[in-house]
Structure formats: structure tokens, C-alpha cells
Amino acid sequence: MALDSSELTLAAGAASNATNVKVVSEQPAVLTNAMTAAHMNQMQLNQMLASTVAAKQAENIMATNPQEGITGNIMAAIMSKVFQTVPPVTP
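Residues numbered from 1 in each chain as written. Predicted model: local features only at pLDDT ≥ 70, side-chain atom pairs only at ≥ 80, totals over all residues. Heavy atoms only, no water.

1. Focus on the overall build of the protein chain
Assigned secondary structure in the protein chain consists of two helices and zero strands. By the burial criterion, 2% of the 91 residues in the protein chain qualify as buried. Surface summary for the protein chain: the accessible area is close to 8,000 Å², and the carbon and sulfur share equals 67%. (Helix = DSSP H or I, 4+ residues; strand = E, 2+ residues; numbered from the N terminus. Buried < 20%, exposed > 50% of the residue type's maximum accessible area, 1.4 Å probe, protein only. Areas by Shrake-Rupley, 256 points an atom, 1.4 Å probe, with all protein chains shown as cover.)

Okay, here's the thing in C-alpha cells:
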């Protein structure tokens, strides 16, 4: 038994509606996953940049010597500032 055109139209419309509902309902999860992936990539780039900057700073500090115009006492002061830690709060 063949379907007439109105039944075919209704069936196509129902299939289209089901697909649309599925796509719309999955969109928040897809966008969340995309944002999470972008965030993770940015965090990795930031971490790589931070380690590169720290390595370059350490290299510059180690390469500096008194003949470049910085005396030993000034270099010691610079090093103490670079590696300074915050003292604990005393009551």
C-alpha cells in the first residue's frame, strides 16, 4: 500500500523535526567541549611561555658578571630580590 503525498510530507516533517531537536539539544555539549579544548590549549601555551621566560631570565642572571658593570654586592642584591620569599606573619 503506497503512501499518498500528504503522508509523505508528514513523515518528512516529523523526521526533520526530530533531527532539528537532536541538533539543538546537543549544541550546548558541543560548544562546551569546544570551549574546554580551546581553554586547555591556551593553558598549555601559557605554561610553555612562562617556562620559556623563566629559563631566559635564569640564563640572563647566570650570564651577568662583574665585568659588565655590576659589582658583586649589586649582583647579590639583585639575586636576593629575585629569590626573595615573603617572611611569615608574626603576631
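2. Brief notes about the pattern of salt bridges
Going through the model one piece at a time under the given rule, you end up with one salt bridge. When the shortest N-O distance is used, the salt bridge between E26 and K22 registers 3.0 Å. With E26 and K22 both in helix α1 (residues 5–63) and four residues apart, the pair spans about one turn of that helix. (Salt bridge = Lys/Arg side-chain N within 4 Å of Asp/Glu carboxyl O.)

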